[in-house]
Amino acid sequence: MPLDDRLLEILVCPKCKAELEYRVGEGEEALLCHACGLKFEVDEGIPIMLIDEAKPL
C-alpha cells in the first residue's frame, strides 16, 4: 500500500530533519535520508521512523 502524498510532504528524517525519498521496489517500501545515510522501512503502510530501527543505506 503506497503512502499518501500528503503524509510524504510532512515527513522528515527524525535524526537530521532532511527531506526523505520514498522508494518502492522488489517487495520493499522505505523512506531514505540521503543527508545522514539512513533507511526507514515502511511496514504495511506504516513508516517506522525510529532512529534505532533505521538501517544504513
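See the structure above.
Now for a quick tour of the structure. This is a predicted model, so every value here is computed, not measured.

Once that is clear, we can look at the overall build of the protein. The helix and strand tally for the protein stands at one helix and five strands. In the protein, the succession of helices and strands from N to C terminus is α-β-β-β-β-β. Here the C-alpha atoms of the protein give a radius of gyration of 10 Å, agreeing with the 10 Å that 2.2 N^0.38 yields for 57 residues. C-alpha extents for the protein along the principal axes are approximately 25 × 25 × 15 Å. Expressed as a percentage of its 57 residues, the buried residues of the protein come to 30%.

The subject of this paragraph is the side chain of glutamate 29. By the secondary structure assignment, glutamate 29 is in strand β2 (residues 28–33). Arginine 23 is the oppositely charged side chain nearest to the buried, salt-bridge-free glutamate 29, at an N-O distance of 12 Å. At 2.3 Å, the side chain of glutamate 29 forms a polar contact with the side chain of tyrosine 22.

A word on the nonpolar core. In terms of nonpolar packing, the biggest core is built from eleven residues, these being Leu3, Leu11, Cys13, Ala18, Leu20, Leu31, Cys33, Leu38, Phe40, Val42 and Ala54. When contributions to this core are tallied by element, the ones reaching two or more residues are β2 and β3 (38–43). The leading source of residues in this core is β3, at three residues. The contacts of leucine 20, once residues within four sequence positions are left out, are Leu11, Val12, Cys13, Leu31, Leu32, Cys33, Phe40 and Met49.

Thresholds, definitions, all that
- The residue numbers shown here count from 1 along each chain, following its written sequence.
- The predicted origin of the model limits local features to residues at a pLDDT of at least 70 and limits the giving and counting of side-chain atom pairs to 80 or more, whereas totals for whole chains, interfaces and linings rest on all residues.
- Hydrogen atoms and water are omitted, and side-chain values are computed over all heavy atoms in the structure.
- Note on conventions: DSSP H or I runs of at least 4 residues are helices, E runs of at least 2 residues are strands, and numbering of each starts at the N terminus.
- The globule rule is 2.2 Å times the number of residues to the power 0.38, and the radius of gyration it is compared with is taken over C-alpha atoms.
- Partly exposed describes any residue whose relative accessible area lies between the buried limit of under 20% and the exposed limit of over 50%, with all areas from a 1.4 Å probe on protein chains only and scaled to the type maximum.
- The charge count treats Lys and Arg as positive and Asp and Glu as negative. His and the chain ends do not count.
- For this analysis, a salt bridge means a side-chain nitrogen from Lys or Arg found within 4 Å of a carboxyl oxygen belonging to Asp or Glu.
- Counted as a polar contact is a pair of N or O atoms within 3.5 Å, where, for protein atoms, one must be capable of donating a hydrogen and the other of accepting one, and residues adjacent in sequence contribute only when both atoms are in side chains.
- Only buried residues count toward a nonpolar core, which is a set of Ala, Val, Leu, Ile, Met, Phe, Trp, Tyr and Cys residues joined through side-chain atoms within 4.5 Å.
- Only heavy atoms enter the contact rule, under which two residues are in contact if any of them lie within 4.5 Å.

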